[in-house]
Amino acid sequence: MEDLQQFKQTYFEESGEFLGVAETGLLRLTPGNADMEEINAIFRAVHSIKGGGGAFGFSDLVAFAHEFETVMDGVRNGTIAITDELVDTLIRSNDVLGQLLAHARDGTRPPAGFAGQIVASLKNFAASAIQEDADVEELYAPSPAVTAAATGGATAADGRRTYSVRFRPKADLLLTGNDPTFMLRALKALGDAEIECDIGGLPTLAHLEPELIYLQWLVTVTTAKNTSDIQDIFEFVSDESLVEIAEHSAESPASAASKAEAKPPAAAAASKAGAAPPAVYATEAAASATAAKPTAGRSSAQSEGGHANLGNHTIRVDLDKIDRLVNMVGEMVITQAMVAEHVRDLPQGEFQELLEGLEQLAQHTRELRESVMSIRAQPVGSVFSRMPRLVRELATATGKDVSLVTSGENTEVDKTVVENLVDPLTHMIRNSIDHGLESPDTREATGKPRTGTVHLSAAHRSGRIVIEVADDGKGIDRPRVMQKAVEKGLVQAGATLSDEEIDNLIFLPGFSTADKISNISGRGVGMDVVRRNITSLGGRIGVYSTPGQGSRFILSLPLTLAVLDGMVISVGAERFVLPLTNIIESLRPKIADLHGLVNKCDVMMARGEYIRLVYLHALFGIPGAITDATKGLVVLVETEDGGRLGLVVDEVLGQQQVVIKSLESNYRRLDGVAAATILGDGRVALILDVAGLQEMSQHGGSASSVAQRQVTAASPQPHVM
Amino acid sequence: MSKDEENNVALIKWSEDEGRVKLGLPSDLDLAMAQPLLDSLRHAFAIGDTIEILADGVERVSTACVQALLVASRTATESRQTFAIVGPSAPFADACSDLGLSDWLKQWRRS
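Conventions adopted
- Residues numbered from 1 in each chain as written.
- Chains lettered and ligands numbered in written order.
- Predicted model: local features only at pLDDT ≥ 70, side-chain atom pairs only at ≥ 80, totals over all residues.
- Heavy atoms only, no water.
- Helix = DSSP H or I, 4+ residues; strand = E, 2+ residues; numbered from the N terminus.
- Buried < 20%, exposed > 50% of the residue type's maximum accessible area, 1.4 Å probe, protein only.
- Contact = heavy atoms within 4.5 Å.
- Areas by Shrake-Rupley, 256 points an atom, 1.4 Å probe, with all protein chains shown as cover.
- Buried area = accessible area lost by both parts, 1.4 Å probe.
- Salt bridge = Lys/Arg side-chain N within 4 Å of Asp/Glu carboxyl O.
- Expected span 1.5 Å × (residues − 1).
- Pairing = 2+ DSSP bridges.
- Axes fitted to C-alpha atoms, helices over the stretch in contact; angles between N-to-C directions.
- pLDDT = per-residue confidence, 0-100.
- Phe/Tyr/Trp six-rings, centres within 6.5 Å; stacked < 30°, edge-to-face > 60°.
- Lys NZ or Arg CZ within 6 Å of the ring centre and 35° of its normal.
- Patch = residues over 30% accessible without salt bridge, like charges linked within 9 Å, V, L, I, M, F, W, Y side chains within 5 Å.

*Asks:* I tried to follow the overall build of chain A on my own but got confused; where do I start?
*Replies:* Check the secondary structure of chain A and you find 28 helices and 22 strands. With 721 residues in all, chain A has 51% of them scored as buried. By sequence separation, contacts in chain A at least 24 residues apart represent 70% of the contacts at least 6 residues apart. As displayed, chain A offers around 32100 Å² of accessible surface, 52% of which is attributable to carbon and sulfur atoms.

*Asks:* Would you take a moment to explain the interface of chain A and chain B for this structure?
*Replies:* Facing the 38 residues of chain A at the interface are 31 residues of chain B. When chain A packs against chain B, the two sides together hide about 3000 Å² of surface, and 57% of this comes from carbon and sulfur. There are three salt bridges connecting chain A and chain B. Its salt-bridge partner being R185 of chain A, residue D98 of chain B comes within 2.3 Å of it at the nearest N-O pair.

*Asks:* What is the right way to look at helix α15 (residues 352–376) of chain A in this model?
*Replies:* Note that an α-helix has 3.6 residues per turn; residues three or four places apart therefore point the same way. Residues and elements named next belong to chain A. An ideal rise of 1.5 Å per residue puts 36 Å on 25 residues; α15 measures up with 37 Å between its terminal C-alpha atoms. Those residues of α15 that fall on the buried side of the exposure criterion are L358, T365, R369, V372, M373 and R376. Residues of α15 that are buried make contact with α14 (319–343), β5 (377–379), β7 (412–414), α18 (415–436), β12 (563–571) and β20 (651–659).

*Asks:* How should the sheet that holds strand β22 (residues 684–688) of chain A be read in this particular structure?
*Replies:* Strand-to-strand pairing in sheets goes through backbone hydrogen bonds, with the strands running parallel or antiparallel. Residues and elements named next belong to chain A. Ordered by their spatial adjacency, five strands build an open sheet running β20-β12-β13-β22-β21, and the pairing between neighbours is mixed. Every interior strand has two partners, whereas the edge strands, β20 and β21 (673–678), have only one. Along the sheet, successive strands turn relative to each other by an average axial angle of 35°, direction set aside. In the sheet, β12 pairs with strand β13 (residues 574–579) via six bridges, with the strands oriented antiparallel. By the bridge assignment for β13, M567 is matched with L578. Most of the contacts of α14 go to β20, to which it runs at about 150°, and overall it touches β20 and β21.

*Asks:* What exactly am I supposed to notice about the confidence of the model for chain B here?
*Replies:* Interpreting fine coordinate detail is not advised for predicted regions of low pLDDT. Residue and element names in this part refer to chain B. Residue-level pLDDT values for chain B average 86, and 91% of them are 70 or greater. Across residues 1–8, confidence stays below pLDDT 50; counting only partners more than four residues off in sequence or on other chains, it has 17 contacts. Interface scoring of the predicted complex returns ipTM 0.90; its pTM is 0.45.

*Asks:* Honestly, the pattern of salt bridges in this entry has me stumped. Any pointers?
*Replies:* Side chains bearing opposite charge may pair, as long as their charged atoms lie close to each other. In this structure the tally under the stated criterion is 36 salt bridges over all chains. A salt bridge links R60 of chain B to D28 of chain B; its shortest N-O distance comes to 3.6 Å. You can see R60 of chain B sitting in strand β6 (residues 60–61) and its partner D28 of chain B sitting in strand β4 (residues 28–29), a full 32 residues away along the chain. You can call R60 of chain B exposed: its relative accessible area is 53%. Three or more residues joined by partner-sharing salt bridges are found here, namely E23, D95, R389 and E393 of chain A.

*Asks:* Looking at this model, I keep getting lost on helix α3 (residues 59–77) of chain A. Mind explaining?
*Replies:* All names here are of chain A. Look at α3: 26 Å from first C-alpha to last across 19 residues, which is about the 27 Å you get at 1.5 Å a residue. Summarising burial for α3: 14 of the 19 residues are buried, a large majority. Backbone geometry just downstream of α3 places G78 in the positive-phi region, at approximately 85°.

*Asks:* Help me understand the side chain of T63 of chain B, please; the structure alone is not making it clear to me.
*Replies:* Locating T63 of chain B in the fold gives a position in helix α2 (residues 63–79). If near-sequence neighbours (up to four positions away) are discounted, T63 of chain B is found in contact with L174, D179, P180, T181, L215 and W217 of chain A together with L99 of chain B.

*Asks:* Help me understand the packing of aromatic side chains in this model?
*Replies:* Residues and elements named next belong to chain A. Scanning the model with the defined rule gives 12 aromatic pairs over all chains in all. Taking the centre distance of 6.1 Å and the plane angle of 25° together, the rings of F167 and W217 count as stacked. Of this pair, F167 sits in strand β1 (residues 161–168) while W217 is found in strand β3 (residues 216–223), placing the two residues 50 residues apart along the sequence. Considered together, F167 and W217 belong to a single accessibility category, that of buried residues. Three or more aromatic residues joined by ring pairs form one cluster here, namely Y11, F12, F56 and F58. Just above the ring of F43 sits the side chain of R76; from NZ or CZ to the centre is 3.6 Å.

*Asks:* How do you make sense of the environment of M183 of chain A when you look at a structure like this?
*Replies:* Residues and elements named next belong to chain A. The topology assignment puts M183 in helix α9 (residues 180–190). Each C-alpha atom, one on M183 and one on F234, is 6.7 Å from the other, the two residues being 51 residues apart in sequence. Among all residues touching M183, those that are not within four sequence positions of it are F167, N178, I233, F234 and V237.

*Asks:* Can you walk me through a nonpolar patch on the surface in this structure?
*Replies:* Residues M332, L361 and L368 of chain A make up a contiguous nonpolar surface patch of about 220 Å² in total accessible area. With respect to the helices, strands and loops of the structure, M332 of chain A is situated in helix α14.

Printed below as a string of structure tokens:
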């Protein structure tokens with residue numbers, strides 16, 4: 001039973017991937033653009049979901065998938081014409097399939113009449129192609145097997161069983177006078193067989209040895225015969241070839257495999273029958289653009305080396321297990337830091353070997369950390385791939401022509417970050433299309449192409465991932481934003497704000513709630529929510545807009561939410577950690593470098609530039625700290641958008657790798673603080689958020705520092721020094 | 001089965017017209033034909049833009065020869081050359097079906 005659960009689990013995971021593949025394909029499907037490769041991929045995806053569903057007895061799911069598949073089959077045969085209406089129906093069918101999968105997973109039944117309308121449309125489309133379909137059925141002998149399962153578990157009733165047979169002939173099988181065709185035909189003769197050929201091991205034309213076999217097969221056969229009958233077929237080749245037979249009856253697909261222990265991959269592969277490649281490989285499969293059958297895609301990711309085992313290159317691991325591993329590595333990093341701290345107290349020049357050993361340990365810990373992080377890393381493409389759907393819907397809803405361009409899909413980032421990107425990106429794209437892009441007519445009138453473009457890109461930059469959503473719309477309507485902000489009391493009337501400051505007003509909470517989505521002018525619907533989400537991930541968001549030419553939203557996020565390289569600083573008795581990526585340098589300013597701006601802030605001249613000083617002790621109300629920058633230290637930091645600040649601290653204690661512990665989940669969000677950590681000596685230290693500090697010093701939080709300065713600096717300049 | 005001797009390599013029935021190469025498959029595509037077929041395909045891809053495989057006369061086909069055509073189709077995709085299997089005979093289509101390659105044939109066939 002446990003086995004069965006495990007296979008079900010695998011089935012649902014794979015089905016999720018197939019749904020994604022199908023959706024991606026369907027979204028690219030337009031009347032003028034019928035890519036056979038894509039259509040085949042969609043067909044295979046649906047077919048696989050149906051096949052596996054049949055094996056588990058999900059009758060509602062199978063019945064629906066069958067209708068869906070029938071129409072897809074018509075599409076790929078060319079007997080059903082691709083129209084917008086068809087594509088819409090298919091996309092909705094994919095959604096329905098997803099819902100049915102959810103019902104199957106939860107063990108619930110869909111309500112009566114569920115998706116009746118969609119089924120009716122599918123049947124209509126299918127009816128238009130029935131005649132032409134007949135000969136296709138012949139060509140695809142395998143489908144009756146699945147159909148049998150689909151029509152209510154006939155396979156179980158008549159005592160037939162389904163086997164997965166994997167056959168990898170020895171490379172020189174042909175030279176012995178044998179031919180795989182003989183075995184495959186014999187398998188077909190046993191019952192209903194679906195044969196998939198894996199062409200992933202094929203070399204190039206230049207390297208092909210014509211008399212060697214590079215192919216392998218996965219056959220799903222439903223038959224009244226037993227395992228030994230199947231084994232007999234391979235009797236003459238089994239010594240040299242790999243033959244694996246796994247059995248699953250309709251009721252209990254995972255049980256009683258002839259080599260059950262060793263077979264999960266094969267059995268799982270069986271549920272993939274006709275499978276499309278997993279999403280990750282989809283691009284590669286499309287690129288190779290060769291093959292007929294799904295296993296091809298799967299193996300195209302396997303290397304050109306030839307006869308690699310199917311499915312042995314990846315394993316599925318429960319995320320919890322990885323999280324535990326990450327956590328443990330985190331603890332190890334802390335322990336390592338702790339040991340390093342104690343070692344510092346050892347007498348100089350002694351215990352050389354111990355010190356060397358610890359140095360190595362530190363290095364290995366770092367490598368271990370990176371390896372573990374890379375396990376969790378996922379390409380952002382998995383989020384990007386959801387966006388075409390959104391764009392399509394929004395384009396329809398708003399009546400605008402929109403084209404979505406994506407780049408940098410392969411940029412990898414921690415899984416948690418990827419998951420948390422969906423909402424902000426959805427919001428930003430919605431915002432860009434709803435408020436940024438003009439209607440086609442307006443665009444034409446201003447000399448732009450009728451189709452607006454939204455460009456979604458990702459890249460790694462200085463240890464962070466930077467994601468950009470750019471549109472070529474009208475840009476932020478600054479006067480309108482300003483007017484709104486004044487109306488809302490967010491900005492004083494008559495205040496002079498730089499363009500950048502005005503643009504950033506759209507992130508203010510009060511700003512967004514006033515403007516409903518339907519309102520055309522003024523961007524900023526829910527952008528405060530976006531910013532809050534991004535900030536909670538330790539990220540930042542900025543907007544750059546050029547009137548008439550469009551806007552760019554740039555968000556930068558840490559690559560991982562688990563570990564960070566930081567600089568430990570002290571202010572009074574408190575310790576803080578500054579992310580290393582933010583730090584430019586630290587210095588002790590001379591009196592002549594410091595200047596006070598009346599009722600504003602203190603600035604420091606550093607490298608020919610005035611930099612605003614932020615007194616951490618004042619910002620956080622820490623007693624006993626050094627208040628004079630010339631006696632303490634100024635750490636120059638830079639935010640992702642290039643803004644610079646000078647943080648006045650007592651001391652810089654040293655660099656350390658720290659494990660990030662979320663403040664939000666353990667306590668609550670604090671301004672200017674990104675997270676917390678445990679230092680080597682066991683003390684808790686806050687990890688500072690530089691951009692947050694900048695904001696605090698400019699807006700709310702600045703009151704305290706200004707007030708504090710006003711006390712100490714009644715006459716501004718001289719006192720500061 | 002007709003063969004041309006060209007460049008010291010045994011090639012199968014062959015014609016070329018302004019970058020359009022036609023290869024006529026012999027009726028018996030057994031294992032022994034795999035090497036000549038491969039040589040012909042290599043030659044065809046080296047000189048032609050469009051490679052058409054005339055498969056209407058095929059009566060028997062070995063896996064080795066189907067495999068060579070599979071590799072050729074993949075080469076065509078990669079090198080953006082045009083490749084087609086013209087009028088495949090029923091035995092040829094059956095063999096593809098037996099090998100789980102019906103979809104592949106469907107993709108590349110031309111009547």
